[in-house]
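The residues making up each chain are set out below.
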Amino acid sequence: YYPAEKEIKNEKIKILFYGSFIPLHGIDVILNAFSLMEKKNIKFEATIIGKGQIFPEMKTLYNALNLKNVTMDGKLISENELSEIIRQNDIVLGIFGNSKKARSVIPNKVYQSTASGKCTVTMNSEVLKEFYNKDDLVICNNTPESLANILTELINNPNKIHKIG
């Protein structure tokens, strides 16, 4: 995991989430945030990669929300593919779960994303302060509204995305 050698300019801001679909991730929060953004006609493209324990439930939610700017196909990819996909996106999402464990861990995806020089958005937790400064990543509450607001603010200010990354 390392930054791209050349700056990548995407037509629309590209947002990535990847994971093993466990409750810790808060994928329902992410999907509902994307829905709120689509209802406000925010321009973005999002990809959700992975499969796991709660994938069927999240696929049902994805279908019910009828998301147009989001791809979620349940594919599993290699570590090499993942690192390249991270570099091709503008924003990478951490976790947004509502458990004690979710509030007490820094997920690997946050380390991978920041090592790749990407703007990383994850839920606020005390443990982040042990390893990251406030300018290293973007934190928000683990609600769809908070995540949608933060992502919208970043999309409307692409210079901030690159500065944080």
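Residues numbered from 1 in each chain as written. Predicted model: local features only at pLDDT ≥ 70, side-chain atom pairs only at ≥ 80, totals over all residues. Heavy atoms only, no water.

## Here we look at the packing of helix α1 (residues 27–39) against helix α5 (residues 144–155)
The contact between α1 and α5 brings their axes to 8 Å, and the two run at 55 degrees. Viewed along their axes, α1 and α5 adopt a mutual orientation that is oblique. Considering only the axes of α1 and α5, their crossing is right-handed. The residues of α5 that touch α1, namely those facing Val-29, Ile-30, Asn-32, Ala-33, Phe-34, Leu-36 and Met-37, are Pro-144, Glu-145, Leu-147, Ala-148, Leu-151, Thr-152 and Ile-155. Broken down by class, the residue content of the contact of α1 with α5 amounts to 11 nonpolar, two polar and one charged. (Axes fitted to C-alpha atoms, helices over the stretch in contact; angles between N-to-C directions. Helix = DSSP H or I, 4+ residues; strand = E, 2+ residues; numbered from the N terminus. Parallel < 35°, antiparallel > 145°, perpendicular 65-115°, else oblique. Left-handed = near helix turned anticlockwise from the far one by under 90°. Contact = heavy atoms within 4.5 Å. Nonpolar A, V, L, I, M, F, W, Y, C, P; charged D, E, K, R; others polar.)

## Focus on the pattern of salt bridges
Under the definition given, this model contains four salt bridges. Residue Asp-135 pairs with Lys-134 through a salt bridge whose shortest N-O separation is 3.6 Å. Among the residues examined, Asp-135 registers a relative accessible area of 54% and is labelled exposed. You can call Lys-134 exposed: its relative accessible area is 73%. Here Lys-160 and Glu-153 are joined by a salt bridge, their closest N and O atoms 2.9 Å apart. We classify Glu-153 as partly exposed; its relative accessible area is 41%. (Salt bridge = Lys/Arg side-chain N within 4 Å of Asp/Glu carboxyl O. Buried < 20%, exposed > 50% of the residue type's maximum accessible area, 1.4 Å probe, protein only.)

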